[in-house]
Amino acid sequence: VQLQASGGGLVQPGGSLRLSCAASGRTSSRYSMAWFRQAPGKERVFVAAHSRNNNHAYYADSVTGRFTIFRDNAKNTVYLQMSSLEPEDTAVYYCAADGGVIVGRIRSASAYAYWGRGTQVTVSS
């Protein structure tokens, strides 16, 4: 499966942004989908994921209540709706997919075989 992330940009603190990740090659409903982010000089960290096994969403503590992950299987696309953005949210955001992710590893980057190119999100006034 090929993943294409888009929707990044520059936004002011407190603003909102929606990222999209379009999957091609295989039906995205067969995969658990996730978003990770990497800030300059830091490791890639988990942001949010949607499990194909139990249809549940999972979030990092830092984004709970502000970000929402949802998918449109008809469009083979997963979205990350980001609200109340903070400068600390500035990073390159990556989408990831894998058909065999167990719930216990859904926050682990190593559990995902497929990755898209990142999209830059900058939160600044």
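As a reminder, the structure under discussion sits directly above these lines.
Being a predicted model, the structure only gives us computed values, none of them experimental. (Residues numbered from 1 in each chain as written. Predicted model: local features only at pLDDT ≥ 70, side-chain atom pairs only at ≥ 80, totals over all residues. Heavy atoms only, no water.)

Asker: Honestly, the nonpolar core in this entry has me stumped. Any pointers?
Answerer: The nonpolar side chains of a soluble globular protein tend to be buried, and buried together. Core analysis: the biggest nonpolar cluster contains 38 residues, and W35, L80, M82, Y93 and Y112 have the highest contact counts within it. The residues touching L80, leaving out its near neighbours within four places in the chain, are L17, R18, L19, W35, V47, A48, F67, T68, I69 and Y93. (Core = buried A, V, L, I, M, F, W, Y, C linked by side-chain atoms within 4.5 Å. Buried < 20%, exposed > 50% of the residue type's maximum accessible area, 1.4 Å probe, protein only. Contact = heavy atoms within 4.5 Å.)

Asker: Whenever I open this one, the state of the cysteines confuses me. Can you help?
Answerer: Joining two cysteines, a disulfide is a covalent bond between their sulfur atoms. Applying the stated criterion across every chain yields a total of one disulfide. Each disulfide pairs two cysteine sulfurs, and for C21 the partner residue is C95, the sulfurs being separated by 2.1 Å. Every disulfide takes its handedness from the sign of the S-S torsion; for C21 and C95 that torsion is 60°, giving right-handed. With a gap of 74 residues between them, C21 in strand β3 (residues 17-24) and C95 in strand β9 (residues 91-98) connect regions that are remote in the sequence. (Disulfide = S-S within 2.5 Å. Helix = DSSP H or I, 4+ residues; strand = E, 2+ residues; numbered from the N terminus.)

Asker: Looking at this model, I keep getting lost on the packing of aromatic side chains. Mind explaining?
Answerer: Each pair of aromatic rings is reported with the distance of its centres and the angle of its planes. Following the criterion strictly, the structure yields six aromatic pairs and no others. The rings of F36, F46, Y112 and W115 are connected pair by pair, giving a single aromatic cluster. Lying across the ring of Y94, R44 places its NZ or CZ 3.7 Å from the centre. Positioned over the ring face of W115 is R44, at 4.9 Å from the centre of the ring. (Phe/Tyr/Trp six-rings, centres within 6.5 Å; stacked < 30°, edge-to-face > 60°. Lys NZ or Arg CZ within 6 Å of the ring centre and 35° of its normal.)

Asker: What should I look at first to understand the sheet that holds strand β8 (residues 77-82) in this one?
Answerer: Across a sheet, strands are paired by hydrogen bonds formed along the backbone, either parallel or antiparallel in direction. Strands sit in the order β1-β3-β8-β7 across an open sheet of four strands; the sheet is antiparallel. At either margin of the open sheet sits one strand with a lone partner, and together these are β1 (2-6) and β7 (67-72). Neighbour to neighbour, the strand axes of the sheet diverge by 15° on average, direction disregarded. (Pairing = 2+ DSSP bridges. Axes fitted to C-alpha atoms, helices over the stretch in contact; angles between N-to-C directions.)

Asker: Please clarify how the side chain of T77 should be interpreted in this entry.
Answerer: Examined against the element boundaries, T77 turns out to sit in strand β8. Judged by its relative accessible area of 9%, T77 is buried. Within the local environment of T77, its side chain forms a polar contact with the backbone oxygen of K75, the two atoms lying 2.8 Å apart. (Polar contact = N/O pair within 3.5 Å; in protein donor to acceptor, adjacent residues only side chain to side chain.)

Asker: What exactly am I supposed to notice about unusual backbone geometry here?
Answerer: Both trends apply: most residues other than glycine have a negative phi, and most peptide bonds are in trans. For N55, which is not a glycine, the phi torsion comes out positive at approximately 60°. A positive phi angle, close to 50°, is found at S84, a residue other than glycine. Secondary-structure assignment places S84 in the loop between β8 and β9. Owing to a relative accessible area of 41%, S84 belongs among the partly exposed residues under this scheme.

Asker: Even after reading the chapter, I still don't get the pairing of strand β5 (residues 44-50), so can you show me in this structure?
Answerer: Looking down a regular strand, the side chains alternate between one sheet face and the other. Among the seven residues that make up β5, five are buried, leaving the element largely enclosed by the rest of the structure. Pairing of strand β4 (residues 32-38) with β5, which is carried by six bridges, proceeds in the antiparallel orientation. Looking across to β5, one finds that M33 is bridged to H50. Here β5 pairs with strand β6 (residues 57-59) via three bridges, running antiparallel. The residue of β6 that forms the bridge with A48 is Y59. Once β5 ends, the chain turns through six residues before running back antiparallel as β6, passing N55 with a positive phi of about 60°.

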